[in-house]
Amino acid sequence: MNIIGRLTKDAEIHKTPRDKQVVNFSVAINDSYRNKQGERIEQTSYFNCSYWISPNVAKILNKGALAELTGRVSARAWTASNGELKSSLNFHTSTIKLHGGSKKIEFSQGITKQDNTKTFTPEPAEDLPF
């Protein structure tokens, strides 16, 4: 599954009891639609995300960044200490692509790829042998 959203805060690195590092962050996804009365309704969904492949990605996951994420979604429900029912959507991320700026950065399975947006087009050769 793919989702595109903006980070709601800077990513944080946490350690599990078994000393494994995980990058935790959250994204907000805005959506809008028109109801039966023709009114425009805006809706925001929040996803708590985790990325287990490399903790180095936390350095570039900053609040406000636009990220395209690939992974799987899971839902979690619990009862708070005051008895209120709570739920959250969790996104287990396998690939992160940041959009915006002059470079496109992709993190997938610990491999970092950087592509400059500038492209080189060679001039046509004038001394053709035919």
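Before reading on, note that the structure itself is shown above.
In short, a report on the structure. (Residues numbered from 1 in each chain as written. Predicted model: local features only at pLDDT ≥ 70, side-chain atom pairs only at ≥ 80, totals over all residues. Heavy atoms only, no water.)

1. Some remarks on the overall build of the chain
Logical step 1: Secondary structure summary: the chain contains zero helices and eight strands in total.
Logical step 2: In sequence order, the chain lays out its α and β elements as β-β-β-β-β-β-β-β.
Logical step 3: Residue pairs in contact within the chain that sit at least 24 positions apart in sequence constitute 49% of those at least 6 positions apart.
Logical step 4: Surface exposure of the chain reaches about 9700 Å², of which carbon and sulfur atoms provide 49%. (Helix = DSSP H or I, 4+ residues; strand = E, 2+ residues; numbered from the N terminus. Contact = heavy atoms within 4.5 Å. Areas by Shrake-Rupley, 256 points an atom, 1.4 Å probe, with all protein chains shown as cover.)

2. Focus: the pattern of salt bridges
Logical step 1: Overall, the coordinates contain two salt bridges when judged by the stated rule.
Logical step 2: The salt bridge partner of Lys15 is Asp19, with a shortest N-O separation of 3.6 Å.
Logical step 3: Residue Lys15 is classed as exposed on the basis of its relative accessible area, which comes to 54%.
Logical step 4: Judged by relative accessible area, which is 55%, Asp19 ranks as exposed.
Logical step 5: With a shortest N-O distance of 3.5 Å, Glu42 and Arg40 are connected by a salt bridge. Considered together, Glu42 and Arg40 belong to a single accessibility category, that of exposed residues. (Salt bridge = Lys/Arg side-chain N within 4 Å of Asp/Glu carboxyl O. Buried < 20%, exposed > 50% of the residue type's maximum accessible area, 1.4 Å probe, protein only.)

3. Comments concerning the pairing of strand S2 (residues 12–15)
Logical step 1: As defined by bridge partners, S2 adjoins strand S3 (residues 21–34) across four bridges and the pair is classed as antiparallel. The residue of S3 that forms the bridge with His14 is Val22.
Logical step 2: Between the end of S2 and the start of S3, which pair antiparallel, lie five residues, with Asp19 showing a positive phi angle near 70 degrees. (Pairing = 2+ DSSP bridges.)

4. Considering the environment of Ala58
Logical step 1: Within the element layout of this structure, Ala58 appears in the loop between strand S4 (40–51) and strand S5 (66–79).
Logical step 2: Along the chain, Ala58 and Asp10 lie 48 residues apart, while their C-alpha atoms are 7.8 Å from each other.
Logical step 3: Sequence-distant contacts of Ala58, that is, excluding residues within four places in its chain, are made with Ala11, Ile13 and Val23.

5. Some points on a nonpolar patch on the surface
Logical step 1: Judged by side-chain polarity, Met1, Val73 and Leu89 come together as a nonpolar surface patch covering roughly 250 Å² of accessible area.
Logical step 2: Structurally, the position occupied by Met1 is in the segment before strand S1 (2–7).
Logical step 3: Given a relative accessible area of 56%, Met1 falls into the exposed group. (Patch = residues over 30% accessible without salt bridge, like charges linked within 9 Å, V, L, I, M, F, W, Y side chains within 5 Å.)

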